Amino acid sequence: MPMRIITIEDFRKAVKAHYEIVKNGEYSNHFDPPSPANLRKLCLKLFRSIDNKDDLDTFFLFFGFNFDGTKKNLFKDDLHKFKPVGAFFRGDTVMPADETVYFAAILVGFQPRPFNRFKKEIEDNELKIIRQTNEISSSVKEISLVDVIEEIKDENFNEEILEESSTQVFQPMPKPIKINLFVNARERILYNFKNRLKKTAGATILIFGLIGAVIYFAFFKNHCMQWSEDHYDVVDCSSKDNGNPNEIIPLDESLLDFKKLKACDTTTCFKKNGEAFVWYGKTGNQVDFFNDNGKGRHPETNVSLRPVTHYMFNKYLKGKPCE
């Protein structure tokens, strides 16, 4: 039985399943509902006592700055960051960004985390199960039917013959006893064989069940997507009031890598041959930049996207420092 490779999708499902367990527990007031404000309060409460390097690294990966419990307005301009976490918990988004899942795992107290530790522990456990399965299979294969018959004959001989010899020394075994020996041996062989089959089948079913139950939590397959801040999230097509005003559209996997950029004067917008690979959309006095042209339209305003020109770069990006 080959060992299955653990993926980030397994981690997503495990974290979501754990949320369903703890959402009515100690921090239920922060999960009902999992709004940005409630999740921010929970984050502050948890991280004031966290000194784990992995969790602190996850915080930096998610927010782009280090946690500092002494700052009063730590999330003043970043409250929107909690929106995709709440959407993930509610089930509105089943394919969020990886860093969203890493951060969500901390909020619900999921272990083992982060993903690399989860992957190692699950694969180690599966490897142990596979080894145990192989040992069971090997031991079953090594059972010899002849050995079983001989063992049963020996047991019956000791039970039947020695009892007779206590009253009649060296008296030959009567034929009826030989017949009983054959019947008993046949019954014992059939019983042992069936018992071995039941144990082996039961062990196999249990092993496959354990491997599947370790990480899988059933999700309905979704076929829609919705623009969220700077990227598309895969969502349930029936999602309605999730706090996101953007249109829910049919899933298009080619758009999952389409993102809005935080462009500045150091952003590389042109190839060596001068061709632009950054696109922009202008709405009034505001200009948004993207890593691709998507489907040729701004996902929020529906204005046309055009490749960046040197004029647009000089007017809107030159001299603009990176945040």
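Source: prediction; values computed, not measured.

Across 5 bridges, the pairing between strand β5 (residues 279-283) and strand β6 (residues 286-290) is antiparallel. Each residue of the ladder has a partner; that of Lys282, found in β6, is Val287. Between β5 and β6, which pair antiparallel in sequence order, lie 2 residues; one of them, Gly284, sits at a positive phi of approximately 65°.

Moving on to the sheet that holds strand β3 (residues 248-250). Strand-to-strand pairing in sheets goes through backbone hydrogen bonds, with the strands running parallel or antiparallel. Read from one edge to the other, the open sheet built from 3 strands follows the order β2-β1-β3, with strand pairing classed as antiparallel. Single-partner strands in this sheet number two, and they are β2 (231-235) and β3. Averaged over all adjacent pairs, the angle separating strand axes in this sheet is 40°, with direction ignored. Note: strand β1 (residues 224-228) against β3, 3 bridges, orientation antiparallel.

Time to look at the confidence of the model for the protein. In this model, the protein carries a mean pLDDT of 78, and residues with pLDDT of at least 70 account for 70%. Note on residues 155-170: pLDDT is under 50 here. Beyond four places in sequence and across chains, it has 13 contacts. Ignoring residues within four places in sequence, the model shows residues 175-183, a span with pLDDT below 50, making 6 contacts including any to other chains.

One pass over the full model with this rule turns up 1 disulfide. Here Cys264 is linked by a disulfide to Cys322, with a sulfur-sulfur distance of 1.7 Å. In this pair, Cys264 is assigned in the loop between β4 (260-261) and β5 and Cys322 in the segment after α10 (310-316), connecting sequence segments 58 residues apart. Cys264 gets classed as buried once you look at its relative accessible area, which sits at 3%. Classification of Cys322 as partly exposed rests on a relative accessible area of 44%.

Following the sequence through the fold, Gly86 ends up in helix α5 (residues 83-90). For Gly86, a relative accessible area of 1% corresponds to the buried category. It is 6.9 Å that separates the C-alpha atoms of Gly86 and Pro36, two residues lying 50 residues apart in sequence. Discounting residues that sit within four places of it in the chain, Gly86 has contacts with Pro34 and Leu39.

What follows is about the sheet that holds strand β7 (residues 306-307). Here we have 4 strands laid out as an open sheet, ordered β4-β6-β5-β7, and antiparallel in their pairing. The open sheet has two free edges, formed respectively by β4 and β7, since each of these has just one partner strand. Sheet analysis places β4 next to β6, joined by 2 bridges and oriented antiparallel. Each residue of the ladder has a partner; that of Leu261, found in β6, is Phe289.

What follows deals with the packing of aromatic side chains. For the coordinates displayed, the defined rule picks out 31 aromatic pairs. Pairing Trp227 with Phe258 gives two aromatic rings, centres 5.7 Å apart and planes at 50°, and the pair type is tilted. Taken together, the positions of Trp227 in strand β1 and Phe258 in the loop between β3 and β4 put the pair 31 residues apart, joining distant regions of the chain. For Trp227, a relative accessible area of 1% gives the class buried. Under the relative-accessibility criterion, Phe258 is labelled buried at 3%. Grouping aromatic residues by their ring pairs yields a cluster made of Phe47, Phe59, Phe62, Phe63, Phe65, Phe67, Phe75, Phe82 and Phe103.

Thresholds, definitions, all that
Residues numbered from 1 in each chain as written. Predicted model: local features only at pLDDT ≥ 70, side-chain atom pairs only at ≥ 80, totals over all residues. Heavy atoms only, no water. Pairing = 2+ DSSP bridges. Helix = DSSP H or I, 4+ residues; strand = E, 2+ residues; numbered from the N terminus. Axes fitted to C-alpha atoms, helices over the stretch in contact; angles between N-to-C directions. pLDDT = per-residue confidence, 0-100. Contact = heavy atoms within 4.5 Å. Disulfide = S-S within 2.5 Å. Buried < 20%, exposed > 50% of the residue type's maximum accessible area, 1.4 Å probe, protein only. Phe/Tyr/Trp six-rings, centres within 6.5 Å; stacked < 30°, edge-to-face > 60°.

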